[in-house]
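Structural overview
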Amino acid sequence: MRARLLAPALAVSLLLLAGCSEGKNEVVVTKSTVEGLQVTDPRLVLPIVKDSPGAVYFTLVNSSAKPRKILSIEVAGGDMAMIHDTVDKGGHSSMTMAHDVVVAAGSSMAFAPGGRHVMVTGLKPGLKPGVDSELKINFDTGDALVTNLPVVAPAAAAGN
C-alpha cells in the first residue's frame, strides 16, 4: 500500500528534476504536415541590433481545394510573433499588422523582405545562426503546420 502511494510522488519528483537540468537551450524540433499545405524556404533572420525583433520569411503553398486562413504564428525561442505587411506611401515604408490572412486554394503566399513577413519579439539568447528553431502556423480550422525554422545571421538575408 505504501509503495503504491510513493510511486506517483517519485515519478513527479523525477520529472521536476529533469526539467531543472542545465541544458544547452536546445530547441526540440518536430515536423508535422497539414494536408495540402507546405512551407518552403523558411528562415528566422536575427536582428542586427540586440533586443530588436527578428523576421521570419517563408512561402506557404496551398495545393488544397479550399482557402486556408492563418489564425496565428508561433516561433520557438521568441515571445510573440506578428504578421506584418510593408506599406509604401510617398516613398516611405512602414509596417502594419496584417489581418485576415488567407491563402487561396491552389496558390501560394510569400512572406518576404519588403512585403508580408513575421516579426518576432523577445528572442532568446539560444537562437544563433546555424541553430534550428520551430515555426508553427495555426489555422482557423484548428489545424497547425509545424516545421523546422533555420536561424540565420542578418548578413545572410541580404539580397532576399
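Everything numeric here is computed off the predicted structure, so don't read it as measured data. (Residues numbered from 1 in each chain as written. Predicted model: local features only at pLDDT ≥ 70, side-chain atom pairs only at ≥ 80, totals over all residues. Heavy atoms only, no water.)

Glancing now at the packing of aromatic side chains. A complete count under the given rule lists 1 aromatic pair for this structure. Ring geometry for Phe58 versus Phe111: centroids 4.3 Å apart, planes at 15 degrees, classification stacked. Residue Phe58 is located in strand β2 (residues 54-62), and its partner Phe111 is located in strand β7 (residues 107-111); the two are separated by 53 residues in the primary sequence. (Phe/Tyr/Trp six-rings, centres within 6.5 Å; stacked < 30°, edge-to-face > 60°. Helix = DSSP H or I, 4+ residues; strand = E, 2+ residues; numbered from the N terminus.)

Our next topic: unusual backbone geometry. The backbone phi angle of Asp41 is positive, close to 50 degrees, even though this residue is not glycine. Tracing the chain through its elements places Asp41 in strand β1 (residues 37-45). On the accessibility criterion, Asp41 (52% relative accessible area) is exposed. The phi torsion at Asp51 lies on the positive side, around 70 degrees, for a residue other than glycine. Position of Asp51 relative to the elements: it lies in the loop between β1 and β2. (Buried < 20%, exposed > 50% of the residue type's maximum accessible area, 1.4 Å probe, protein only.)

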